[in-house]
Amino acid sequence: MCTRLPLRNVYGTIKTSDMTGEQLHTTQIRKNLFQVELETGGYKNLICSYVFKGSKVILVESGPTSSVLRLVEGLKELEVNFKDVQYVAITHVHLDHGGGVGTLLKYLPNAKIIVHPRGAPHLVNPERLWVSAQEVLGFIAEIFGKPEPVPQERIIPITEGIIDLDNGGKLAVIETVGHASHNLSFQESFSSGVFPGDAAGTYIPKFDVVVPTTPPPFYLESALASLDKLIDLNPSVLYLSHFGEANNAVQRLKDYKMQLQLWADIAKDGVSKSQSLEQIRDRIIAEDKAMNCIIDFVKSYKIYSKTMLENCILGFMDYAKNTSK
Ligand SMILES: [Zn+2]
């Protein structure tokens with residue numbers, strides 16, 4: 001853990017941008033599966049969408065409003081006919097995962113949105129979501145952009161189910177709440193890879209490290225139960241929205257459970273001693289090897305400092321306060 005890795009092309013030698021020499025947006029990661037680098041706010045390796053390309057096209061994650069054009073460019077690059085996009089499956093409605101879906105639908109005349117029923121009302125009327133995102137995320141909400149509403153009739157609210165892919169493939173929908181009360185994961189049948197949304201943390205490919213993504217309100221017990229659910233699926237690989245493909249999926253999920261437990265224990269102890277956010281943060285940095293080894297990197301990006309060193313710790317402090325009542 002914590003070795004600096006060269007950014008790798010995970011599917012043989014084919015990287016679409018290599019073929020033309022131009023700086024393009026998509027990478028092939030499986031036979032019919034592509035990743036689109038959204039480069040939201042100019043940040044690389046922050047947020048991506050995934051595209052199953054075939055006679056029907058299925059997307060996982062729209063990403064935020066501000067990078068919808070980037071996703072659209074990615075679809076063009078993959079020579080996707082916009083009419084063939086059948087579903088956009090979003091893991092949850094937070095701005096960075098599903099915030100752009102209302103804008104994206106304007107390009108995709110036949111696409112329906114797969115979302116958890118608890119997230120669906122926030123797609124139809126995103127006003128409250130936008131206000132709370134501005135409160136929690138501050139300047140980051142502006143980087144992601146304001147969500148546009150989604151017509152009710154284009155939403156398919158589900159917690160479990162199967163979506164048919166080309167060539168007999170299936171994409172299973174799994175309810176994995178905890179990070180949010182409405183997080184879904186998806187598992188594809190070709191190589192049993194899982195798209196966990198934010199249920200499995202943030203993966204930093206450069207360091208091969210996972211760190212929690214736990215803004216308030218965070219539900220630890222549900223998050224741990226969801227991780228058990230994903231472990232039981234025995235996935236081969238994780239396709240993370242933040243960011244990219246991570247192997248050793250089962251071990252990573254187990255490690256993430258331990259990491260969440262460690263942060264929770266530190267937060268509970270800190271809250272019981274009336275410690276400040278900064279004191280609890282410093283203890284986490286000292287005691288969590290993963291966080292410790294990427295701390296300079298995290299501190300060098302305002303967006304990571306705000307999310308990882310503030311919001312995620314607030315999520316645990318909030319949880320600790322609620323459980324100590
Ligand atoms: Zn996220």
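Values in this document were obtained by computation on a predicted structure and should not be read as measured data.

Draft legend 1. Here's a closer look at the side chain of Lys306. Among the secondary structure elements, Lys306 is positioned in helix H12 (residues 302-324). The contact partners of Lys306, leaving out residues within four places of it in the chain, are Val136, Leu137, Gly138, Phe139, Ile140 and Asn311.

Draft legend 2. Structural detail: the coordination of the zinc ion. Protein coordination at the zinc ion comes from Asp96 (OD), His97 (NE2), Asp198 (OD) and His242 (NE2), with a distance range of 2.0 to 2.2 Å. One way to put it: the 4 donor atoms around the zinc ion meet at angles of 84 to 155 degrees, and that makes the site irregular. Expressed as a motif, the donor residue spacing for the zinc ion is D-H-x100-D-x43-H. Of the two residues, Asp96 is situated in helix H3 (residues 95-98) and Asp198 in the loop between strand E11 (193-195) and strand E12 (202-204); the sequence distance between them amounts to 102 residues. Accessibility assignment for this pair places Asp96 and Asp198 in one class, buried.

Draft legend 3. Main features of helix H9 (residues 249-272). Taking 1.5 Å as the rise per residue, H9 with 24 residues should run 34 Å; its terminal C-alpha atoms sit 34 Å apart, in good agreement. Backbone geometry just after H9 places Ser274 at a positive phi near 55 degrees.

Draft legend 4. Quick peek at the pattern of salt bridges. Counting across every chain of the model gives 16 salt bridges. Among the ionic pairs, Lys170 bridges to Asp164, the shortest N-O distance being 2.7 Å. Its relative accessible area of 39% is what places Asp164 among the partly exposed residues. We note a salt bridge from Arg252 to Asp208, for which the minimum N-O separation is 2.8 Å. In this pair, Arg252 is assigned in helix H9 and Asp208 in the loop between E12 and strand E13 (209-211), connecting sequence segments 44 residues apart. Judged by relative accessible area, which is 22%, Asp208 ranks as partly exposed. It is possible to trace a salt-bridge network through shared partners that takes in Asp269, Lys273, Arg283 and Glu287.

Parameters and conventions
Residues numbered from 1 in each chain as written. Predicted model: local features only at pLDDT ≥ 70, side-chain atom pairs only at ≥ 80, totals over all residues. Heavy atoms only, no water. Helix = DSSP H or I, 4+ residues; strand = E, 2+ residues; numbered from the N terminus. Contact = heavy atoms within 4.5 Å. Donors = N, O, S within 2.8 Å, 3.2 Å for Na, K, Ca; no water. Tetrahedral: all angles 85-135°; square planar, octahedral: opposite > 155°, others 65-115°. Buried < 20%, exposed > 50% of the residue type's maximum accessible area, 1.4 Å probe, protein only. Expected span 1.5 Å × (residues − 1). Salt bridge = Lys/Arg side-chain N within 4 Å of Asp/Glu carboxyl O.

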